[in-house]
Amino acid sequence: MTDINKIPPQIRRDIVRMVHDVQSGHPGGSLGTVEFFTALFFEILRDIQPENFKIESTGEDTFILSNGHITPVYYSTLARRGFFPVSELSSFRKLGSRLQGHPSTHDGLPGIRIASGSLGQGLSVALGVAQGKKLNLDNHLVYTLHGDGELQEGQIWEAVLYAGAKGIDNLIATVDYNNAQIDGKVDDVLSLGDLKAKFKAFNWEVVDIRNGNDLDAVIKGLKEAKNLSGKGKPVAVLLHTKMGFGIDFMEGDYRWHGKALNDEQLEKALKQLPETLGDY
Amino acid sequence: MKKYTYTEKKDTRSGFGDALTELGKKNKNIVALTADVAGSVKMNEFAKLFPERFFDVGIQEANMIGMAAGFTLEGKIPFASTFAEFITGRVYDQIRQAVAYSEKNVKICASHAGLTVGEDGATHQALEDLGMMKMLPGMVVINPCDYNQTKAATLAIAEHKGPVYLRFGRPKVPNFTPENQKFEIGKAVVLNEGKDVSIFATGHLVWEAIKATEKLEAEGISVDLINIHTIKPLDKKAVLNSVKKTGAVVTAEEHNRLGGLGESISGLLSSEYPAPQEFVAVNDKFGESGTGDELMKKYGLDAESIYQAVKKVLNRK
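Going along each chain's sequence as written, the residues are numbered from 1 onward. Ligands are numbered from 1 and chains lettered from A, in the order in which they are written. It should be noted that, the model being predicted, local features are given only for residues of pLDDT at least 70 and side-chain atom pairs only at 80 or more, the latter also being counted only at that level, while totals for whole chains, interfaces and linings use all residues. Heavy atoms from the whole structure form the basis of all side-chain values; hydrogens and water molecules are not counted.

A. Spotlight on the overall build of chain B. Within chain B, the regular secondary structure consists of 11 helices and 14 strands. What the globule rule says is 2.2 Å times the number of residues to the power 0.38, and the radius of gyration is computed from C-alpha atoms. The C-alpha radius of gyration computed for chain B amounts to 19 Å, which stays within 12% of the reference 20 Å derived for 317 residues, consistent with globular compactness. Along the three orthogonal principal directions, the C-alpha set of chain B runs to about 60 × 40 × 35 Å. Exposed residues in this analysis have more than 50% of their type's maximum accessible area, buried residues have under 20%, and partly exposed residues fall in between, with area computed by a 1.4 Å probe over protein chains only. Here chain B holds 317 residues, and 64% of them are scored as buried. Working definition of accessibility: Shrake-Rupley area with a 1.4 Å probe, residue cover restricted to the visible protein chains. Approximately 11,800 Å² of chain B is accessible, and the part contributed by carbon and sulfur atoms is 49%. A positive count includes Lys and Arg, and a negative count includes Asp and Glu. His and the chain ends are not counted in either. In plain terms, the charge of a residue is placed at NZ if it is Lys, CZ if Arg, CG if Asp and CD if Glu. Distance from the positive charge centre (40 side chains) to the negative charge centre (40 side chains) of chain B: 4 Å. Helix and strand definitions here come from DSSP, where helices need a minimum of 4 consecutive H or I residues and strands a minimum of 2 consecutive E residues; each element is numbered from the N-terminal end.

Take a look at the structure:
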């Protein structure tokens, strides 16, 4: 397999090019979670079958994306991992594409098992998968990703309560903890307070990944989370990232949540990102 | 006309519960979910026999719908059930995204639908659910009329791959359709053949329509009476064949006139075979407290209302 360190810069190139091409989409959270997606799909998930994708998840570690708007990083990762041709990234958000603005099973894009976009639903879906795996005596794990702003949704806390109370311990839920949402900092819009204490109070294990944009740290943190699974509690991963990471003028700025780069910005961005695996 | 009789009154929700138990015995992939109303939706027997496949999620309808969608990814056939209002209006976005748009094999089973919930009042009387559900692409919408038919429908939807909305209720109503009937999704059931007027009824209103038909036939009015247990996909052929014979239509349902069966039928007829139509339905109102029978009378959802609607539509022919 490719040197894993070559993957993040290429995914970042894909992200900014895809979003620039259609002048729409969500680059901020996508850029911030590149290391997470790389770690997950190229190192952590067991027994996934990119070339032989089935909508049913039995017999493999299963990933559910709850904050569906970060499709640029999701699609790029799936394509680079071999779920569908890299060339198809050029159809992102265009009429007739399988690469819808938000993930959809409707058009049969390999890698997608459930639609997301309306926030707050993915943890509940993951609970169904996790309990289904237990019924099937399948010891694979279920992973999710959520935005921190997304945790303002009430349904998330229904699922957090349920998972903790019922001891759903084959579930690892990661929060992209970048303190940014559309209208500003999460702390300013609606603070989550002491998130770690909240998860612990709901009977979850919590792993902090202090530098969520360091690939080695993310892999190490996710492995730690995996080691905590199977012990009677669900596991939350607080993934401290920077929105827009990897491009100096975008880093840490919530205004890049859902804004496309213009021509000049694209040129500037691409100069900061080596083309390691070949552009689509 | 053929005489319809019954030996006992039974609640349609028990038809659901009994069928679910039967399904649980036959198929280990059946899982049942409810949100703190296991007894009310008649899941107690399933829960007792298959505790590992029964999930009482607590008072968390949104989480329940998401979980049901997730179960399908592991090859399970989830039957999620609570009161009709809370499993539609409260979780419409969850059903839309995680079930309908995602094309998941989830069975959304709604009890306590309509005015016949009675004393609990308008907060618990779903009169908009059929409309909400039929607007979702790919959603099958079924509203059976009695215990036997609800049981048969429950068994049938387990065999159908895809999202289904199954609606039933709390009151004990005449159980007149055949035991062990074969339930065909999307296939209307002709209860009486006639030539003067078509009555299309669904759910609890089917028995009321039978009583109205008996009275009308006794007066020499020939009624084509059809039980539309599947609102979507609508049995267009059955509707058109009937209206081509009669040229006049009455629809009857325990639902808001907006979004209900009547609207589906008038939509079909206006483009294929226009005919005068009268609607026996709740006329854009919320319900209120009272006994089920009192409410059905007050809101014009009984045999007498159907009888009057036929008289009215015949004058418009």
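B. Representation of the overall build of chain A in the model. The number of helices and strands found in chain A is 10 helices and 5 strands. Here the C-alpha atoms of chain A give a radius of gyration of 17 Å, agreeing with the 19 Å that 2.2 N^0.38 yields for 280 residues. Taken along the three principal axes of its C-alpha coordinates, chain A extends 50 × 45 × 35 Å. Scored against the burial criterion, the 280 residues of chain A give a buried share of 59%. When the accessible surface of chain A is totalled, it reaches about 10,400 Å², and 47% of it is carbon and sulfur.

C. Quick look at the interface of chain B and chain A. Residues count as neighbours in contact if any of their non-hydrogen atoms are within 4.5 Å of one another. Across the boundary between the two partners, chain B contributes 28 residues, which contact 33 residues of chain A. Summed over both partners, the interface of chain B with chain A comes to about 2,500 Å²; 50% of that surface belongs to carbon and sulfur atoms. Of all residues in chain B, B:Leu73, B:Glu74 and B:Tyr101 bury the most surface against chain A, accounting for 29% of the area lost on that side. Here, a salt bridge means any side-chain nitrogen of Lys or Arg that lies within 4 Å of a carboxyl oxygen of Asp or Glu. Taken together, the connections running from chain B to chain A amount to 1 salt bridge. With a closest N to O distance of 2.9 Å, B:Glu74 and A:Lys133 form a salt bridge. A 3.5 Å cut-off defines polar contacts: any pair of N or O atoms within that distance qualifies, except that in protein one atom must be a possible hydrogen donor and the other a possible acceptor, and neighbouring residues in sequence count only when both atoms are side-chain atoms. Inspection of the chain B/chain A interface yields 21 residue pairs in polar contact (both at pLDDT 80 or more). Of all the secondary structure elements, the ones that give two or more residues to the side of chain B that touches chain A are strand 3 (54-56), helix 3 (61-73) and helix 4 (92-101) of chain B. Top element by residues in the side of chain B that touches chain A is helix 3 of chain B. It accounts for 10 residues. By buried area we mean the combined loss of accessible area, with a 1.4 Å probe, across both parts when two parts are placed together.

D. Layout of the packing of aromatic side chains. All names here are of chain A. For Phe, Tyr and Trp, rings pair up if their centres lie within 6.5 Å, where Trp contributes its six-membered ring, and each pair is then called stacked (planes under 30 degrees apart), edge-to-face (over 60) or tilted (otherwise). For the structure on display, the rule yields 22 aromatic pairs over all chains. With 6.4 Å between their ring centres and 5 degrees between their planes, Phe37 and Phe41 make a pair best called stacked. Here the residue Phe37 and the residue Phe41 both occupy positions in helix 3 (residues 34-44), the gap between them amounting to 4 residues, near one helical turn. By the burial criterion, Phe37 is buried, and Phe41 matches it. Ring plane angle 85 degrees and centroid distance 6.1 Å describe the contact between Phe41 and Phe83, whose orientation is recorded as edge-to-face. Pair noted here: Phe41 is in helix 3 and Phe83 is in the loop between helix 4 (71-81) and helix 5 (122-135), with a separation of 42 residues, a long-range link. Assigned by exposure class, Phe41 and Phe83 land together as buried. One aromatic cluster is present, formed by Phe36, Phe37, Phe41, Phe53, Phe63, Tyr74, Tyr75, Phe83 and Phe92 through successive ring pairs.

E. The arrangement of the domain arrangement of chain B in detail. Residue and element names in this part refer to chain B. Bear in mind that the domain bounds are from an automatic or database domain assignment. Under the domain assignment, chain B is made up of domain 1 (9-174) and domain 2 (189-310). One C-alpha centre belongs to domain 1, the other to domain 2; they are set 25 Å apart. Taken residue by residue, the interface counts 33 residues in domain 1 and 33 residues in domain 2. For the pairing of domain 1 and domain 2, the buried interface totals around 2,400 Å² over both sides, and the portion due to carbon and sulfur atoms is 58%. When residues of domain 1 are sorted by the area they lose upon contact with domain 2, Leu115, Leu127 and Lys134 head the list and together hold 28% of the total. The interface formed by domain 1 and domain 2 includes 1 salt bridge. Notably, a salt bridge pairs Glu263 with Lys134, separated by 3.9 Å at the nearest N-O pair. Within the residue set of the side of domain 1 that touches domain 2, elements represented by two or more residues are helix 5 (129-134), strand 6 (140-142) and strand 8 (172-174). It is helix 5 that provides the largest number of residues to the side of domain 1 that touches domain 2, a total of 4 residues. Throughout, the ten residues Ala, Val, Leu, Ile, Met, Phe, Trp, Tyr, Cys and Pro are labelled nonpolar, Asp, Glu, Lys and Arg are labelled charged, and all others, Gly among them, are labelled polar. A per-class count over the side of domain 1 that touches domain 2 returns 16 nonpolar, 11 polar and 6 charged.

F. Layout of the confidence of the model for chain B. Per-residue confidence for chain B averages 98 on the pLDDT scale, and 100% of its residues sit at or above 70. Two summary scores accompany this predicted model of the complex, namely pTM at 0.97 and ipTM at 0.97. Residue-level confidence of the predictor, termed pLDDT, takes values from 0 up to 100.

G. A look at helix 10 (residues 263-271) of chain A. All names here are of chain A. Along helix 10, the residues that are buried comprise Leu266, Ala269 and Leu270. Across the axial projection of helix 10, the buried residues extend over an arc of 95 degrees, all falling on one side. Exposed side chains of helix 10 directed beyond 90 degrees from the buried face belong to Glu264 and Lys271. The secondary structure elements touched by the buried residues of helix 10 are helix 1 (7-22). For helix 10, the N-terminal capping position is held by Asn262, with its side-chain oxygen 3.2 Å away from the main-chain nitrogen of Glu264. It is the directions from the helix axis to the C-beta atoms whose arc is reported.

H. The arrangement of the sheet that holds strand 11 (residues 223-227) of chain B in detail. Residues and elements named next belong to chain B. The 5 strands are arranged 9-11-10-13-14 in an open sheet whose pairing can be described as mixed. Every other strand in the sheet has two partners, leaving strand 9 (189-192) and strand 14 (277-282) as the edge strands with one partner each. Across the sheet, the mean angle separating the axes of adjacent strands is 20 degrees when strand polarity is ignored. Only strands joined by at least two bridges in the DSSP assignment are considered to pair. In terms of strand pairing, strand 9 meets strand 11 through 3 bridges, oriented antiparallel. Bridged to Val189 within strand 11 is Asn227. On top of the sheet, helix 7 (residues 205-218) reaches strand 9, strand 10 (197-201), strand 11, strand 13 (249-256) and strand 14; it is set at about 170 degrees to strand 11, its chief contact. Contacts from helix 8 (residues 236-246) reach strand 10, strand 11 and strand 13, with the element oriented near 150 degrees to strand 10. Think of each axis as a best-fit line through the C-alpha atoms, taken over the contacting stretch in the case of a helix, with angles from 0 to 180 degrees between the N-to-C directions.

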